Amino acid sequence: LTVGTGGALLLVGNSLANVTITAAAKIGGASTELAGAANLRPRPHDVDLGSETGPQLLQVGHQFTVPVSANTGGPGSRLVSFQIELELDPCVLRASCESSLPWVVCSTSNPATQVRIVGYSVNSGVACFDVPLAIVTFEVLATA
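The sections below set out a description of the structure shown in this document.

What counts as what
- Residues numbered from 1 in each chain as written.
- Predicted model: local features only at pLDDT ≥ 70, side-chain atom pairs only at ≥ 80, totals over all residues.
- Heavy atoms only, no water.
- Helix = DSSP H or I, 4+ residues; strand = E, 2+ residues; numbered from the N terminus.
- Buried < 20%, exposed > 50% of the residue type's maximum accessible area, 1.4 Å probe, protein only.
- Contact = heavy atoms within 4.5 Å.
- Areas by Shrake-Rupley, 256 points an atom, 1.4 Å probe, with all protein chains shown as cover.
- Patch = residues over 30% accessible without salt bridge, like charges linked within 9 Å, V, L, I, M, F, W, Y side chains within 5 Å.
- Salt bridge = Lys/Arg side-chain N within 4 Å of Asp/Glu carboxyl O.
- Pairing = 2+ DSSP bridges.
- Axes fitted to C-alpha atoms, helices over the stretch in contact; angles between N-to-C directions.
- Disulfide = S-S within 2.5 Å.
- Phe/Tyr/Trp six-rings, centres within 6.5 Å; stacked < 30°, edge-to-face > 60°.

## Remarks on the overall build of the protein
Point 1. Within the protein, the regular secondary structure consists of zero helices and 11 strands.
Point 2. Listing every helix and strand of the protein by position from the N terminus yields β-β-β-β-β-β-β-β-β-β-β.
Point 3. Scored against the burial criterion, the 144 residues of the protein give a buried share of 28%.
Point 4. Residue pairs at least 24 apart in sequence account for 62% of intrachain contacts in the protein once pairs closer than 6 positions are excluded.
Point 5. Taken as a whole, the protein presents about 9,300 Å² of accessible surface, with 56% of it coming from carbon and sulfur.

Right, dumping it as structure tokens:
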């Protein structure tokens, strides 16, 4: 988090847990707090893993879903093909996945050390800032 000369706050990184930001006036004693997890959106032509709100990881025994989305850069830039591979430690996480578009295939390897999300469609016409590609569900088996 950085503070600009005019007092504007700029988020510069993701957080692994909830954080609290406190702003206090130097004169008069007024203050306010904002609590939550810091999550950035993907840049143009980038991919994002994780929820838009809340912390990214949970404790042993819990399950969590990770939406996978892409930013095509907006109108004029189409998403035609891609391949995303997520490597994981099968002693720590168990994964399953489902695709969000009919021309996207999502699979896990056996043994489950990798999640692969692949898409190809010359006629997709998908050109927007937040294209949902897949949802990966993880079960936390142990701490890393």
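## Quick look at a nonpolar patch on the surface
Point 1. Residues Leu1, Val3, Leu9 and Leu11 make up a contiguous nonpolar surface patch of about 370 Å² in total accessible area.
Point 2. Summarising the element assignment, valine 3 is placed in strand 1 (residues 2-3).

## Regarding the sheet that holds strand 10 (residues 114-120)
Point 1. Here we have three strands laid out as an open sheet, ordered 7-10-9, and antiparallel in their pairing. Here the strands that pair on one side only, and so sit at the sheet edges, are strand 7 (81-87) and strand 9 (104-108). On average, each strand axis in the sheet is tilted by 10 degrees relative to the strand beside it, whichever way the strands run.

## So, the state of the cysteines
Two cysteines whose sulfur atoms are joined by a covalent bond form what is called a disulfide.
Point 1. Under the criterion given, the structure shown has one disulfide.
Point 2. Each sulfur of the disulfide joining cysteine 97 and cysteine 106 lies 2.1 Å from the other. Between cysteine 97 and cysteine 106, the disulfide has an S-S torsion of -130 degrees and is therefore left-handed.

## Re the packing of aromatic side chains
Point 1. Counted under the stated rule, the structure contains two aromatic pairs.
Point 2. Measuring from ring centre to ring centre gives 5.3 Å for phenylalanine 64 and phenylalanine 138, while their planes differ by 25 degrees; the resulting arrangement is stacked. A residue pair is termed long-range when its members are at least 10 positions apart, and phenylalanine 64 in strand 6 (residues 63-71) and phenylalanine 138 in strand 11 (residues 131-140) qualify at 74 residues.
Point 3. Residue classification places phenylalanine 64 among the buried positions, given a relative accessible area of 10%.
Point 4. Using a relative accessible area of 8% as the deciding quantity, one classes phenylalanine 138 as buried.

## What to know about the environment of alanine 35
Point 1. Inspection of the secondary structure puts alanine 35 in strand 4 (residues 31-36).
Point 2. Sequence separation between alanine 35 and threonine 22 is 13 residues, and the spatial gap between their C-alpha atoms is 8.7 Å.
Point 3. Apart from residues lying up to four places away in sequence, alanine 35 is in contact with Val19 and Thr20.

## Focus on the pattern of salt bridges
Point 1. Enumeration according to the criterion identifies two salt bridges in this entry.
Point 2. In this structure, glutamate 85 and arginine 116 form a salt bridge, with 3.0 Å as the shortest nitrogen-oxygen distance. Note that glutamate 85 is positioned in strand 7 and arginine 116 in strand 10, a separation of 31 residues in sequence.
Point 3. Taking relative accessible area as the criterion, glutamate 85 reaches 36% and is therefore assigned partly exposed.
Point 4. The class for arginine 116 is partly exposed, based on a relative accessible area of 33%.
Point 5. Two residues, arginine 94 and glutamate 139, come together in a salt bridge whose shortest N-O distance is 2.8 Å. Separated by 45 residues along the polypeptide, arginine 94 in strand 8 (residues 93-99) and glutamate 139 in strand 11 bring together distant segments of the chain.

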